[in-house]
Amino acid sequence: MGDKENIRPQLARRNFLKNSIYLSSLVPVLGILNSCSNSESGKKADDLKNINWSNFTLYMPVDDKGNFTLVDSCEKELGINISYTEDIDDNATFFTKIKPLLDKGESIGRDLIVVTDDFVLPWINGGFVEKFDKQNMPNVSNHLIESYFGAVYDPERNYTIPWQSGFTGIGFNKSKIKELLGTETIKSLDQFFDPRLKGQILMSSEMGDSVGLVLSWLGINLKSFTDEDFEKALNFISQQVAKGQIQQIVGNESALALENGDVAAVVGYAGDLWQLGDDFGFEVPESGGVVFADNLLIPKSSQNKDLAEKVVDYFYNPEIAAEVSQYVGYVSPVKGAQEEAVKLDPELAKNKWVFPTKEQFDLVEFFIIPDAQRDANLREKWQKVLGN
C-alpha cells in the first residue's frame, strides 16, 4: 500500500476531529460555513462566487492540518469559493432546524446538502429542492452507475444525485467485545443485546438504521412491514433503553464514542468503522442489515444553482471519486471509481464493504417508506422514542 503516510489517509481526519470537536461546538452554524474554505485562488475571496455545502461527518478527504484537499482542488478548478462543513448529525434534526425557513421560502444558507434516501421525500414533496440540469453535468450523465436510477423517491434522479452509499450494521471494539463476550466479533443482534453488554451499546437516531435492523431481526420484511410491526420494533427499543441495555440513541458521533472507549458496540456504518482501523470491526447481522444512499440536493433557496451543479459534477470525475472512496470507505456511485481506487490502494479492492459483490447486497435491504403521510406518522412516533 505504499509508505506509512499513505496506509490510512483517513486516520488524519480522526485526529483533526478530536482536536476540533470542542471548538466547533462553540461556533454557530453559519460561522462554521464561513470558516471551512481554503481557497488559494489568485482572486480575492470577495470576488469569488461562494458555494455553501453541508455534509455528514467523516465524508470528505482531509489532511493532517484539517484541510479538505478535494474541496480545495475543486475551488481551483472552478474558480470559486466553497464553504464546506460537516454539520449534519442526522437527517431529522437538520431538517427540523431549517424547516421554518424552508416553509417561508427563505435562504437556509446552503447551496448543496446531503440527505439519506429514506428522508428525501419530505424535501421533494415539500418543493424544497431544485431540479438538476444534467446538461450542466456531463460527468454525472456519463458516470452515474445505472443501478442508482429507479429509486422510488426519484426514479430519474431529477432532484437527487448519489454522493455515497453503504451498509448499516454493527460496529464494535474488538478488545472490549473479547473482554465482555469472549469473542472478537458480533454477528447478530442477539449478541448486541446480550445482557453482558448492558450500558455498552449505542443505537442510531436515524429511524431507518435502528428500526430497520430490529425489524429484520424480528423476521419482518422491510419492504412490507405494517404499522403494527413498526410499533413492535419501537416497543422493543424503548424497553432496551428503559432497562439500560442501550446507553444512548445518538446521531453521527457514534464512531467517535466507540473509538474513545465509551462503548463496546454501536449501530453504525461500514465506512466509519473502516476508518477507525484494525482494532475495530463491522458486520451486517445474520438477520439482515440496511443499505442506504446519501444524496446531494440543491435547496430551493440556492443563489448559485449552476455552480452547485458544477461542484457535483467535479466529484463525478472517476479519479476524484476514487480519492473520496479511498478515504471514506463507502461505496462510490461513479463508474470507473473502483478501477481508479485500486490504482491508489490495491488493498482497497479487498474490502467487501467498499466494493461489494452480490453476496453483500443479498444481506441487506433499503428502508424507504414511499407514502409521505405514513412516513411522517411513523417518524413522529420514532421521535417520541428519542424523547422529542
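Anything mentioned here points back to the structure above.
What you see is a predicted model; the values in this text were computed from it and never measured.

Hey, could you run me through the overall build of the chain in this one?
Along its length, the chain carries 17 helices and 10 strands. Here the chain holds 388 residues, and the buried ones make up 56% of them. Look at the contacts in the chain between residues 6 or more apart in sequence, and 76% of them connect residues 24 or more apart. As displayed, the chain has an accessible area near 16,900 Å², and 48% of this comes from carbon and sulfur atoms.

Just checking my understanding: could you explain the packing of helix α9 (residues 207-217) against helix α10 (residues 227-242) for this structure?
Viewed as axis vectors pointing N to C, α9 and α10 meet at an angle of 100°, and their least axial separation amounts to 9 Å. Relative to α10, the element α9 lies roughly perpendicular. Between α9 and α10, the contacting residues are Met207, Ser210, Val211, Val214, Leu215 and Trp217 on the first element and Asp229, Phe230, Ala233, Leu234, Phe236 and Ile237 on the second. Here the residues of the contact of α9 with α10 sort into 10 nonpolar, one polar and one charged.

Can you help me understand unusual backbone geometry in this one?
Of all residues except glycine, most have a negative phi; of all peptide bonds, most are trans. In this model, leucine 58 sits at a positive phi of 60°, which is unusual for a non-glycine residue. Inspection of the secondary structure puts leucine 58 in the loop between β1 (50-56) and α3 (69-78). Leucine 58 sits in the buried class, given a relative accessible area of 5%.

What should I look at first to understand the environment of isoleucine 88 in this one?
Tracing the backbone through its elements, the reader meets isoleucine 88 in strand β2 (residues 81-88). Ignoring sequence-local partners within four residues, the contact set of isoleucine 88 consists of Ser54, Asn55, Phe56, Thr57, Phe94 and Val114.

Whenever I open this one, the side chain of aspartate 90 confuses me. Can you help?
Relative to the assigned elements, aspartate 90 resides in the loop between β2 and α4 (91-103). Here aspartate 90 occupies a buried position and makes no salt bridge, while the nearest side chain of opposite charge, arginine 379, is found at 8.3 Å. Engagement of the side chain of aspartate 90 in a polar contact is seen with the backbone nitrogen of threonine 93, the distance being 2.7 Å. At 2.8 Å, the side chain of aspartate 90 forms a polar contact with the side chain of serine 205. Once you skip the residues sitting within four places of it in the chain, aspartate 90 turns out to touch Phe56, Ser205 and Glu206.

For this particular structure, what's the right way to read helix α14 (residues 318-328)?
Within α14, nine of the 11 residues are buried, leaving the element largely enclosed by the surrounding structure. Every buried residue of α14 is listed here: Pro318, Ile320, Ala321, Ala322, Val324, Ser325, Gln326, Tyr327 and Val328. Sitting at the head of α14, asparagine 317 places a side-chain oxygen 2.9 Å from the backbone nitrogen of glutamate 319. Looking one or two places after α14, you find glycine 329, whose phi comes out positive at around 75°.

It is not clear to me how the pattern of salt bridges should be interpreted in this structure. Could you clarify?
Taken as a whole and judged by the stated rule, the model has 11 salt bridges. The closest approach of N and O atoms between glutamate 146 and lysine 335, which form a salt bridge, is 2.6 Å. Taken as a pair, glutamate 146 in the loop between α6 (138-143) and β4 (161-173) and lysine 335 in the loop between α14 and α15 (337-344) lie far apart in primary sequence, 189 residues in all. One salt bridge in this structure joins glutamate 309 and lysine 305, with 2.5 Å as the shortest N-O distance. With a gap of four residues between them, glutamate 309 and lysine 305 both fall in helix α13 (residues 305-314), about one helical turn apart. One continuous salt-bridge network, built from bridges that share partners, spans Asp118, Asp375 and Arg379.

What should I look at first to understand α3 in this one?
Spacing of three or four residues puts side chains on the same side of an α-helix, whose turn is 3.6 residues. Along α3, the positions that sit buried rather than exposed are Leu70, Val71, Asp72, Cys74 and Glu75. Where α3 ends, the next residue or the one after it, glycine 79, has phi of about 70°, a positive value.

How should I be thinking about the nonpolar core in this particular structure?
Looking at soluble globular proteins, one finds that nonpolar side chains tend to be buried together. Within the largest apolar cluster, 81 residues are counted, with the highest numbers of intra-cluster contacts made by Trp53, Trp123 and Phe315. Grouped together as the second largest cluster of nonpolar side chains are 34 residues, Phe172, Phe192, Phe225 and Phe367 included.

The rules we used
- Residues numbered from 1 in each chain as written.
- Predicted model: local features only at pLDDT ≥ 70, side-chain atom pairs only at ≥ 80, totals over all residues.
- Heavy atoms only, no water.
- Helix = DSSP H or I, 4+ residues; strand = E, 2+ residues; numbered from the N terminus.
- Buried < 20%, exposed > 50% of the residue type's maximum accessible area, 1.4 Å probe, protein only.
- Contact = heavy atoms within 4.5 Å.
- Areas by Shrake-Rupley, 256 points an atom, 1.4 Å probe, with all protein chains shown as cover.
- Axes fitted to C-alpha atoms, helices over the stretch in contact; angles between N-to-C directions.
- Parallel < 35°, antiparallel > 145°, perpendicular 65-115°, else oblique.
- Nonpolar A, V, L, I, M, F, W, Y, C, P; charged D, E, K, R; others polar.
- Lys, Arg positive; Asp, Glu negative; His and termini not counted.
- Salt bridge = Lys/Arg side-chain N within 4 Å of Asp/Glu carboxyl O.
- Polar contact = N/O pair within 3.5 Å; in protein donor to acceptor, adjacent residues only side chain to side chain.
- Core = buried A, V, L, I, M, F, W, Y, C linked by side-chain atoms within 4.5 Å.

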